[in-house]
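Each chain, letter by letter, is given below.
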Amino acid sequence: MQEFQPVILGSDINAYGMARAFHEAYGLVSTAFAHQQLSPTKYSRIIDVHLVPDFTNSQVFVPALNDWADAYHRDHPDVTLLLLPCGDTYANLLDEFGDPLRERFVFNAIDAKLNRALSLKSSFYELCDRYDLPHPKTVSVNADDVKAGRHRNLPFDYPVAMKPADSDEWLGIDFPGRKKAFIFSNPEELDTMIRRSYQAGYTSQMVIQDFVPGGDDHMRVLNAYVDRHHRVRMMFLGHPLLEDPTPEAVGNYAAIMPDYNQDIFDRIKAFLEDINYSGVANFDMKYDPRDGVYKLFEINLRQGRSSYVVTLNGFNLARCFVEDLVLDTPFNGRTVFGRGHRLWMEIPRDIFRTYCADSEDKRQAMAMIRRGDWGTTLEYNKDRSLLRWLMIRHMFAIYRRRYRRYFRDKGELA
């Protein structure tokens, strides 16, 4: 087998999940590059994090990786360097500035124009309309529209959801009350927060949507691996049961059980192959009880932070990258549609028991826990130490405080 070295961009739970996937499949310790050290990859024996100041600057990003690769190849000339992003910023950098890295690394990337069309939520919904992919009723506005008050003229009733069209730019914006996404019950709440957003320096469009009723358990998340030749090799659907309620993390999944829906698979597969996508695509959607339709919210141009659920259920994402980019394994034309039986959680079990709404799905999930058919990304038997154990316990304690302070059942909204 061709020797290779995983090189991960990021230091968050997504990065740790991918490092764990590589370690489980191949016994390898991944190298990672990031601009800051985040808790999930601390005190780990399976990922070696290199911190690079200003790493998200394209003028730093490319030379830092190339210089490291040159030094690495002096000692390991025949090893393939497999590069994969674990965050929006890194995926965008690879798509726009990655060409000078191709002499030293193998990786998936799409052209910058397609990246922009997919990553901006406003243009993504336009693509959805072209491909007959359902999404919530949507109005997109910019700063001039807000000054003119056009955000008040909505073709749907309250409550409404609001989120930035450019999630990457939103990471650098801060103001009182800022969240990853908002749900507003009346026009006054919307007016206050959308004006604060632009006053704080946000420049892109803001997306205002008809709120799809239902709680966290109405969500679905799909991860698809599309090879370098734009063929969908694997798809896995998850059924979130609980989300993180923290303002800066709202919408991040905290518990996911496996699901299966051939109609969703077929629609998304046709879409990805037609637009010539490559790499992992991560879709968020929600079931709308008013019309019985799953409606797309967004696509992430990399595996989601909860994507270890795919590996946990027997479809190791690391193998997808290796078989495609390192080994160039021939594709037999049959997409794998994953089925699973294991519950993934980012939280301790007591939070799930307390805050997950009572339902048949919750009862199934509790049965999985009793059988031992569950797991987390962070707790890995082959990466144990006292410091790491203490860090994870500290993270779980923070989660408990977050849920006590911020949790509310979105299913109670009209």
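Only a predicted model underlies this, so the values are computations on that prediction, with no experimental measurement involved. (Residues numbered from 1 in each chain as written. Predicted model: local features only at pLDDT ≥ 70, side-chain atom pairs only at ≥ 80, totals over all residues. Heavy atoms only, no water.)

J.: What exactly am I supposed to notice about the overall build of the protein chain here?
T.: Within the protein chain, the secondary structure is distributed over 14 helices and 17 strands. Against the compact-globule benchmark of 22 Å for 414 residues, the protein chain has a radius of gyration of 21 Å, which places it among compact chains. The proportion of buried residues among the 414 residues of the protein chain is 57%. Partitioning the contacts of the protein chain with sequence separation of at least 6, the portion at a separation of at least 24 is 71%. Between the mean site of the 52 positive side-chain charges and the mean site of the 57 negative ones, the protein chain shows a separation of 5 Å. (Helix = DSSP H or I, 4+ residues; strand = E, 2+ residues; numbered from the N terminus. Rg over C-alpha atoms; globule rule 2.2 N^0.38 Å. Buried < 20%, exposed > 50% of the residue type's maximum accessible area, 1.4 Å probe, protein only. Contact = heavy atoms within 4.5 Å. Lys, Arg positive; Asp, Glu negative; His and termini not counted. Charge placed at Lys NZ, Arg CZ, Asp CG, Glu CD.)

J.: Can you help me understand the pattern of salt bridges in this one?
T.: Should the charged atoms of two oppositely charged side chains come close, the side chains can pair. This structure, assessed with the given rule, holds 26 salt bridges. With a closest N to O distance of 3.5 Å, R152 and D191 form a salt bridge. Pair noted here: R152 is in the loop between helix 6 (143-147) and strand 7 (160-164) and D191 is in helix 8 (residues 187-199), with a separation of 39 residues, a long-range link. Residues R371 and D373 are paired through a salt bridge, measuring 3.1 Å at the closest nitrogen-oxygen approach. Look at R371 and you get exposed, because its relative accessible area is 54%. Taking relative accessible area as the criterion, D373 reaches 17% and is therefore assigned buried. (Salt bridge = Lys/Arg side-chain N within 4 Å of Asp/Glu carboxyl O.)

J.: Could you clarify how one ought to interpret the sheet that holds strand 2 (residues 30-34) in this entry?
T.: Strand-to-strand pairing in sheets goes through backbone hydrogen bonds, with the strands running parallel or antiparallel. Spatial ordering of the open sheet is given by 3-2-1-4-5, a layout of five strands whose pairing is parallel. A single partner strand is all that each edge strand has here, and the edge strands are strand 3 (47-51) and strand 5 (105-106). Pairing between strand 4 (residues 80-85) and strand 5: two bridges, direction parallel. Considered in strand 5, the bridge of L82 is made with V106. Along the sheet, helix 1 (residues 13-26) contacts strand 1 (4-9), strand 2, strand 3 and strand 4; its crossing angle with strand 1, the most-contacted strand, is approximately 165 degrees. (Pairing = 2+ DSSP bridges. Axes fitted to C-alpha atoms, helices over the stretch in contact; angles between N-to-C directions.)

J.: Just checking my understanding: could you explain the packing of helix 1 against helix 11 (residues 317-326) for this structure?
T.: Following both chains from N to C, one finds helix 1 and helix 11 inclined at 75 degrees, their axes separated by 7 Å at the closest point. As summarised for this structure, helix 1 and helix 11 are arranged roughly perpendicular, according to the angle between their axes. Contacts between helix 1 and helix 11 involve M18, A21, F22, A25 and Y26 from the first element and L317, A318, R319, F321 and V322 from the second. Here the residues of the contact of helix 1 with helix 11 are counted per class, giving nine nonpolar, no polar and one charged. (Parallel < 35°, antiparallel > 145°, perpendicular 65-115°, else oblique. Nonpolar A, V, L, I, M, F, W, Y, C, P; charged D, E, K, R; others polar.)

J.: Quick question: what am I supposed to make of the UniProt feature "domain: ATP-grasp" (unreviewed entry) in the protein chain here?
T.: Residues annotated by UniProt as "domain: ATP-grasp" (unreviewed entry) correspond here to residues 125-326. Helix makes up 28% of residues 125-326 and strand 31%, with an end-to-end C-alpha separation of 34 Å. (UniProt positions renumbered as here; feature names shortened; annotations may be inferred.)

J.: Is there a simple way to explain the sheet that holds strand 9 (residues 206-210) in this structure?
T.: Reading across the sheet, the four strands line up as 6-9-7-8 and stay open at both edges, with antiparallel pairing between neighbours. Strand pairing shows two members of the sheet lacking a second neighbour, strand 6 (138-141) and strand 8 (182-184), which therefore form its edges. Strand-to-strand, the axes of this sheet are offset by a mean angle of 25 degrees, without reference to chain direction. Pairing of strand 7 with strand 8, which is carried by three bridges, proceeds in the antiparallel orientation. Within the sheet, the bridge partner assigned to M162 lies in strand 8 and is F182. Those strands touched by helix 5 (residues 121-130) are strand 6, strand 7 and strand 9, and its axis lies near 50 degrees from that of strand 9.

J.: Explanation requested: a nonpolar patch on the surface in the structure shown.
T.: A grouping of Y43, L386, L387, W389 and L390 is seen on the molecular surface, where their side chains present a nonpolar patch of about 560 Å² in accessible area. Examined against the element boundaries, Y43 turns out to sit in the loop between strand 2 and strand 3. Judged by relative accessible area, Y43 falls into the partly exposed class, the value being 43%. (Patch = residues over 30% accessible without salt bridge, like charges linked within 9 Å, V, L, I, M, F, W, Y side chains within 5 Å. Areas by Shrake-Rupley, 256 points an atom, 1.4 Å probe, with all protein chains shown as cover.)

J.: Where do I start with empty space enclosed by the protein in this structure?
T.: The method is simple in principle: a probe with the dimensions of a water molecule rolls over the atoms, and the space it marks as empty is what remains. In the structure shown here, the tally under the stated rule is two cavities of 30 Å³ or more. Of the volumes computed, that of the largest cavity is approximately 140 Å³. Considering the residues around the largest cavity, the lining is formed by 17 residues, among which P85, N108, S278, G279 and L301 are closest to the centre. The class makeup of the residues in the lining of the largest cavity is eleven nonpolar, four polar and two charged. In this model, the second largest cavity occupies a volume close to 50 Å³. For the second largest cavity, the full set of lining residues is I13, N14, G17, M18, Q303, G304, R305, S307, Y308, T311 and L317. Elements supplying a minimum of two residues to the lining of the second largest cavity: helix 1 and helix 10 (308-312). No other element matches the four residues that helix 1 contributes to the lining of the second largest cavity. (1 Å grid on protein atoms, 1.4 Å probe; cavity = no way out; pocket = protein on both sides within 12 Å on 5 of 7 lines; lining within 4 Å. Points joined across faces, edges and corners; volume = space filled by probe spheres on them.)

J.: Any chance you could explain the domain arrangement of the protein chain here in plain terms?
T.: How large an interface is tends to be reported as the accessible area lost when its parts come together. Split by domain assignment, the protein chain resolves into domain 1 (4-114), domain 2 (137-210) and domain 3 (216-406). Domain 1 and domain 2 are separated by 33 Å when their C-alpha centres are compared. (Domains from an automatic or database assignment.)

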